[in-house]
Every structure is written in structure tokens, then in C-alpha cells.
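# Observations on chain architecture
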Amino acid sequence: MEFQMVLFKLANWVLYQLLANSCYRAAKKIANYGFLFRSSSFRSYQDTVYPSVNKCSLEGRERQTLVCDIHGSLLRSNSFFPYFMLVAFEGGGLFRSFLLLISCPLLWVLNPEKGLEVMIFLTFCGLSEKGMECVERAVLPKFFLENLHLQAYEVLSSAGKRVVLTSVPRVMVEGFLKEYLKVDYVIGTELQVFKGYFTGFLTDSGVLVKNKAFKEFFGETKPDIGLGGRNLHDNLFISLCKEAYVVNKEESKSAASSVMPREKYPKPLVFHDGRLAFLPTSSAILCMFLWLPLGILLAVFRLLVGILLPYKISIVLGQFSGVRLRVKGLCNTPKSGNKRGVLYVCSHRTLLDPIFLCTALGKSVTAVTYSLSKVSELIAPIKTVRLTRDRKQDGETMQRLLNEGDLVVCPEGTTCREPYLLRFSSLFAELADEIVPVAVNTHVDMFYGTTASGLKCLDPIFFLMNPSPCYSLEFLEKVPRELTCSGGRFSCEVANYIQRQLGDALGFECTNLTRKDKYLMLAGHEGLVQDKK
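Definitions and cut-offs
Residues numbered from 1 in each chain as written. Predicted model: local features only at pLDDT ≥ 70, side-chain atom pairs only at ≥ 80, totals over all residues. Heavy atoms only, no water. 1 Å grid on protein atoms, 1.4 Å probe; cavity = no way out; pocket = protein on both sides within 12 Å on 5 of 7 lines; lining within 4 Å. Points joined across faces, edges and corners; volume = space filled by probe spheres on them. Nonpolar A, V, L, I, M, F, W, Y, C, P; charged D, E, K, R; others polar. Helix = DSSP H or I, 4+ residues; strand = E, 2+ residues; numbered from the N terminus. Core = buried A, V, L, I, M, F, W, Y, C linked by side-chain atoms within 4.5 Å. Buried < 20%, exposed > 50% of the residue type's maximum accessible area, 1.4 Å probe, protein only. Contact = heavy atoms within 4.5 Å. Pairing = 2+ DSSP bridges. Axes fitted to C-alpha atoms, helices over the stretch in contact; angles between N-to-C directions. Polar contact = N/O pair within 3.5 Å; in protein donor to acceptor, adjacent residues only side chain to side chain.

## Some details on empty space enclosed by the protein
- Tallied over the full model, the rule gives two cavities of 30 Å³ or more.
- The volume enclosed by the second largest cavity comes to roughly 70 Å³.
- If you go around the second largest cavity, the residues you meet are Val270, Phe271, His272, Asp273, Thr415, Cys416, Arg417, Thr450, Thr451, Ala452, Lys518 and Leu522.
- Residue composition of the lining of the second largest cavity, by class: five nonpolar, four polar and three charged.

The structure is reproduced here in C-alpha cells:
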């Protein structure tokens, strides 16, 4: 009996003393946070003291200094989790990103500083500096630009000297801030590195405290403009500036005027890398992981349909599985005579461009390509011929193929995801009498079907894993004879003319950028595939 009483008292202490008190303290803590950050009285007080960023004058700021944070001020989103997920997925792989996803309940419970430390550890532990550099250079800028707050950027760009203080890891944001936004100094949380790999732990200084870092950097000097979010930490450091403004995230969500349009990007975004085509918020990345098993099966089904079945049947089954194929101007395709074939000149979006062209035509057309992987060449349902980048040899190869039948070529030499056309190689213009430009465009909602630094053999799989990928092909009028080399034009004139025609049809901008420019920018090499001898 006494033993039962002891157990009863112990249970009573656990339930009412330990758990109840812990829950009470947690509730009190949440209430305090809610008062500080969500209370209408606090917001009205803050609005009274610090005006909105929309009220900041942009004139005469060329010699002034501005200080802000990328997370609280320059980006429209309230959470930095998606950018950690991008680093985890693109730099660390599927397993690392899954670990970060399942840590979300823990992140919601922990205080912001501890939650940040957990995200940093899961994202960076064992990640190489080289991998992080690739993600910072080729992946993150696209998502930063799309989430940039227009008014906050305009205030930033008006200042002559720009300083960013941020509690997020410096290695995640410094490249973008300095290259795209021309920020002079970036001060952020520093990470430990051992022999070229991140340990996942912070340096002795820990998570950066913006107020403390502000005083260490500026000393007794007061910067001219302070730009912050509507939180206590930002208020502490912007209060030390001569002028202070806040970015109202609630207004940003409802006002389209805060969205940065592409034409106002500080630097054109022509190239970017990575597989994810969406901002991986916690809910979005959860949907992706739930879709992944079905997506892999669906990609295999679509691939087999395209390889094994006739074009008419593959179109029906492909559309039934969610693949959208839009064809326009098919009546413009000429009937090739017995002498030579028709040369189809396409804009280049993915490795599947020639296959969808053949599907639209309902017949097999030979494709010439550069640096095609062995796997892609093996599973291709049409004849593919590699080019060597030797102009004389490639010219002879294309002449021979045109004498045998129709041919498709992508003169850009590499794919581009954004609405730009790269410079066209002029070799094709010297060879063909009948040239039909084909404006090709794609749309994906989950995965990109191209890569500069990953495995190219997986490009078709990733494209076909999308729930509803779309291919659009518009066949333009055949190039008039007087505008070809046979009519006395130089080959570069013909190539530039066709590039402009395709650009106008797609609404894309024509550039002089090349394959070499793309791979040097994204992967740090020229993008050449060396054949194993």
C-alpha cells in the first residue's frame, strides 16, 4: 500500500509540477513573443517611430551610408528556411534535405537563435566549400532576385556606401549581395571549416547579434540610413542611425508594387543552375517528397512510351499522363525533295527538343548534338550524331546527313532556362538550302530538365518527373532563298536573322553569350565532355 502511495505521489509530481509548470512557462514565453512581435499596440508604436520604406526619399543619397539586413529588409519573405533547403538539396543531396524537412517541428518549438543553429548544422555539416560556392553562385541568386523587395532595393541602390548585417551565414549571401546589389561590406554569422569542409558549427563568436556587430563596425559613427524589419532586433540597430525606415511585410504580401519585375533586376539573370524550379518552403518541399515516388514511376512510363510506341499513340498516352504538347504552324513545314533534306533550326531548352520535334512532325528526324552523354544517346528514340567542334569535320558530317534526309540542329550549343537566346553558331547556315526555324519553349513546375554541374544523363528523367511538363513548338515560315547563303548572304547574317526571328516569336531577348560563358559562370569550366579512350 505504501509503495502504491509513493507511485501516486511521484505521478502527481510529474504531471502537475513538472509538465504543468513547463507548459505554463512555454505558454508565457509564447505570449510574450506574441506581444512583442504581433501585438497591434507594438506595431502602432513602431509605425509611429519609424516610417515605412515607401516614404524614404531617394534623392541626394550618393554620399550617404546605408545599413540593413537581407533577411529582415531586402527579401519579401519572412522565413529564411527555403534558402537553407536550397543549399541542403542542391549542395548536399536528397537525404540532407529530407533531414532538414523533418526537423521543422523542432525548429518551430525552439527559439529563433537555437533554431538557426540547428538549420545551420543540418545544412552545412560535411558540406564542402566548393559545393557551397557552386550553390551560392549558380542557384541562390535566382531565388533572391525573385524575392527581392522593390522599394527596399531602390533605397539600398540610392546609397553610396552599403553595409549588410545579418544573422544568417555570410557564405550564403555574400556573393549575391556583392555581385548583384553592389554591397560594400557583408557581416554575418561565421561557420567553422576543417580541411575544406564545413563542420556545421559556428565560430566562437556564435550567431551574429546585429546590434553588437553594428557598434563594433561603426563605433561612434552614425550611418545615415537604417533599414530594418518590424522586429525588436532590427529596431535596436536602426535606432542608432540618423534616419530609420521599416519594411512592412504584411503590405508586401498584398501589394504587387513590392515585387521586383525582371526588367528592373540589378543584373540580368541569364544563367542559373539547380534542379528545383520552385522556392522550397516547408509545405512545398513536403509536397515534392510525397510526389517523388509517383514522379519516378511516371517518368519511366513516359520515357518508355516515347521510346517504344509510334508517335500517334505516344502523343495520346503522353497527354493522358500529363505531358502537354502545343504545336503551332505545322503547315509551314515544306515537303523535302529527293535531293536534300530540310534543316530544322530550333531554340534549345532541353535534350528532348529533337524528340518532341519528331513527335510533332510524326516522323523521325536525325539530330546533331554536342557533348551528349552515353546514356542519353543509348535511350534516344531517334538517330543522334555527335559533333566534334571541329568546324570542317562537323560541316562534312552535317552535309552527309542532309543528303540522307531531314536534320534538326540547335545552334546555341547549350540550353538556356530564362527568356534569352544565346549566340547562334553560323555553321548550319553554310550547309542548307531549306531552313525552317522552330521556336521551342518549355514550362516546368517542379524540376528543371537541364544542368550545368550535375549528371546530364538524368536531365530527361527530371523533366519527365514534373506533374505536368509543357512543350511548345512553333514552326515559322521557311527562310526565303534571298536571305540564305545561296542568295548571297554571309553565314553570320543568316544565323543572326534566324536568331531574331525566333526571339521575336518567343518574346526572348537575343544575346551574344555562348556555351563557354554559361559553363564558366555556373560550373567554373568550359563545359566540354572528354571522351574516354
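Still to come is the rest of the account.
## Some words on the layout of surface pockets
- Quantified by volume, the second largest pocket comes out at close to 590 Å³.
- In terms of lining residues, the second largest pocket is bounded by 28 residues, among which Phe89, Glu90, Arg275, Ser453 and Gly454 are the most central.
- When residues of the lining of the second largest pocket are traced back to their parent elements, those giving at least two are α4 (81-92), α8 (129-138), α15 (282-308) and α20 (459-464).
- Partitioned by chemical class, the residues of the lining of the second largest pocket number 16 nonpolar, eight polar and four charged.

## Examining the nonpolar core
- Grouped together as the largest cluster of nonpolar side chains are 101 residues, with contacts concentrated most on Phe124, Leu177 and Leu181.
- Apart from residues lying up to four places away in sequence, Phe124 is in contact with Phe84, Val87, Arg96, Met132, Pro169, Val171, Met172, Leu191, Phe198 and Gly200.
- Judged by nonpolar contacts, the second largest core, of 27 residues, contains Val368, Met398, Ile435 and Phe508.

## Side note on the sheet that holds strand β1 (residues 65-68)
- Spatially, five strands are ordered β3-β2-β1-β6-β7 in an open sheet, and the strand pairing comes out parallel. The outermost strands of the open sheet, each flanked by one partner alone, are β3 (185-189) and β7 (243-246). The sheet shows a mean angle of 15 degrees between the axes of neighbouring strands, direction not considered.
- When strand β6 (residues 225-228) meets β7, the two strands line up parallel, connected through four bridges. Bridging across to β7, Ile225 finds its partner in Glu243.

## As for the side chain of Ser321
- Tracing the chain through its elements places Ser321 in the loop between α16 (311-320) and β8 (324-328).
- A polar atom in the side chain of Ser321 sits 2.8 Å from the backbone oxygen of Gly318.

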